Amino acid sequence: GTKTFLDELNTPLKTEIQLFAHSTTVTTVPLFRKCPLDVLRAIFTEMQLAFYLPGDYVFRIGDIGDNLYVISKGKCAITDVKDNVLKICEKSEYFGELALLSDQPRAASARAMTYCNMDYLTKQAFEKIREQFPSYDTFVVNMTKNRYKDWKHKAKIKTVDETEQKEKDKTAQK
């Protein structure tokens, strides 16, 4: 793969640079704002950058959900199957976290409205962080449940509650 200057640095220095680079995200995104420093270090060590042009799809309905996105710059529309705008996300807003907590396909599409710079966290990295920090795992699950209560009827998005209930039903049938 391609190496960056960060790859050449020792781990503590690399981590501090990444924390500084993502400091706006740390202080403004509710999902990260109350995290202990060790959790933030783990998250931002794993975060990657993505860039989208106006009209580019970040993901489409039905795609396998594999990333959580945080907008650093720009605007992104979250749309339903008929391309109705459900929400417009701007700087410091995040989306896609439901895919990190379930194996369900994407229930909405995300499309850049402007030039967008985004930080993203892969599902694989997120799973590693959840295992390493169980208290953060509980926080993220509860926050996601609350966040999607308002969306449930609007977008027919399966909530974490419904996903958990299906898992319980599967277990009960075995």
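About the cut-offs
- Residues numbered from 1 in each chain as written.
- Predicted model: local features only at pLDDT ≥ 70, side-chain atom pairs only at ≥ 80, totals over all residues.
- Heavy atoms only, no water.
- pLDDT = per-residue confidence, 0-100.
- Contact = heavy atoms within 4.5 Å.
- Helix = DSSP H or I, 4+ residues; strand = E, 2+ residues; numbered from the N terminus.
- Buried < 20%, exposed > 50% of the residue type's maximum accessible area, 1.4 Å probe, protein only.
- Polar contact = N/O pair within 3.5 Å; in protein donor to acceptor, adjacent residues only side chain to side chain.
- Salt bridge = Lys/Arg side-chain N within 4 Å of Asp/Glu carboxyl O.
- Pairing = 2+ DSSP bridges.
- Phe/Tyr/Trp six-rings, centres within 6.5 Å; stacked < 30°, edge-to-face > 60°.

Across the chain, the average pLDDT comes to 78, with 75% of residues at or above 70. A low-confidence stretch, residues 153-164 stays under pLDDT 50, and its non-local contacts, those more than four residues away or across chains, total 26 contacts.

Let us look at the environment of Asp-103. Among the structural elements, Asp-103 can be located in the loop between helix H5 (97-101) and strand S7 (109-112). For Asp-103, a relative accessible area of 70% corresponds to the exposed category. Separated by 38 residues in sequence, Asp-103 and Gly-65 have C-alpha atoms that sit 7.2 Å apart. Of note is the side chain of Asp-103, whose polar atom sits 2.8 Å from the side chain of Lys-123.

Our next topic: the pattern of salt bridges. Tallying each qualifying case throughout the model produces five salt bridges. Between Asp-83 and Arg-111 there is a salt bridge; the shortest N-O distance is 3.0 Å. Residue Asp-83 is located in the loop between strand S4 (76-79) and strand S5 (85-89), and its partner Arg-111 is located in strand S7; the two are separated by 28 residues in the primary sequence. Arg-130 is paired through a salt bridge with Glu-127; the nearest N and O atoms lie 3.4 Å apart. Here Arg-130 pairs with Glu-127, and both are found in helix H6 (residues 123-132), just three residues apart, close to one helical turn.

So, on to the pairing of strand S3 (residues 67-73). Most of S3 sits out of view: five of its seven residues are buried. Note that S3 and strand S8 (residues 116-122) share six bridges and pair antiparallel. In the strand pairing of S8, Val-70 is matched with Asp-119. Sheet analysis places S3 next to strand S6 (residues 94-95), joined by two bridges and oriented antiparallel. Paired with Val-70 across the two strands is Tyr-94, which belongs to S6.

Right, let's talk about the packing of aromatic side chains for a bit. Within a pair of aromatic rings, the relevant descriptors are the distance that separates the centres and the angle that separates the planes. Applying the stated criterion across every chain yields a total of four aromatic pairs. Judged by centre distance (6.0 Å) and plane angle (35 degrees), the rings of Phe-59 and Tyr-69 are tilted. Of this pair, Phe-59 sits in strand S2 (residues 57-59) while Tyr-69 sits in strand S3; the two residues are 10 residues apart in sequence, bridging distant segments of the chain. Comparing Phe-59 with Tyr-69, the two get one shared label, buried. Taking the centre distance of 5.5 Å and the plane angle of 20 degrees together, the rings of Tyr-69 and Phe-95 count as stacked. With a gap of 26 residues between them, Tyr-69 in strand S3 and Phe-95 in strand S6 connect regions that are remote in the sequence. When its relative accessible area of 4% is taken as the criterion, Phe-95 is described as buried. Each residue in the set Phe-59, Tyr-69, Phe-95 and Tyr-120 is aromatic and connected to the rest through ring pairs, giving one cluster.

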